[in-house]
Amino acid sequence: MAEKVEISLKGIGRQIEQAEGKLSTAARRVKDSEQKKKVVAKIKALKKVKSDLKLICRSYNIVVPQNGSGK
């Protein structure tokens, strides 16, 4: 019987959230509208990455044969 292996990418998710937080703080401090647009675009990109990561993790299953023969 095959065994399921669980993979956790929570660390990556936490790092993305931390980066979003830092960029949000930076966006509030930026005075130049052009720079603010760039920071906001980066935040949106990170949110997309986080969304994609959640989607990938939901459907990511690895089945490993118990005997290790690969059959």
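Residues numbered from 1 in each chain as written. Predicted model: local features only at pLDDT ≥ 70, side-chain atom pairs only at ≥ 80, totals over all residues. Heavy atoms only, no water.

Once that is clear, we can look at the overall build of the protein chain. Within the protein chain, the secondary structure is distributed over two helices and two strands. The order of helices and strands in the protein chain, counted from the N terminus, is β-α-α-β. With 71 residues in all, the protein chain has 11% of them scored as buried. Considering only contacts in the protein chain between residues 6 or more positions apart, those separated by 24 or more positions represent 74%. (Helix = DSSP H or I, 4+ residues; strand = E, 2+ residues; numbered from the N terminus. Buried < 20%, exposed > 50% of the residue type's maximum accessible area, 1.4 Å probe, protein only. Contact = heavy atoms within 4.5 Å.)

Attention shifts here to the pattern of salt bridges. All chains considered together, the criterion is met by three salt bridges. Across the pair Lys50 and Glu17 runs a salt bridge whose closest N-O atoms are separated by 3.9 Å. One end of the pair, Lys50, is in helix H2 (residues 33–58); the other, Glu17, is in helix H1 (residues 10–29), and 33 residues separate them in sequence. For Glu17, a relative accessible area of 46% gives the class partly exposed. Lys50 is paired through a salt bridge with Glu20; the nearest N and O atoms lie 3.8 Å apart. One end of the pair, Lys50, is in helix H2; the other, Glu20, is in helix H1, with 30 residues separating them in the sequence. Using a relative accessible area of 10% as the deciding quantity, one classes Glu20 as buried. (Salt bridge = Lys/Arg side-chain N within 4 Å of Asp/Glu carboxyl O.)

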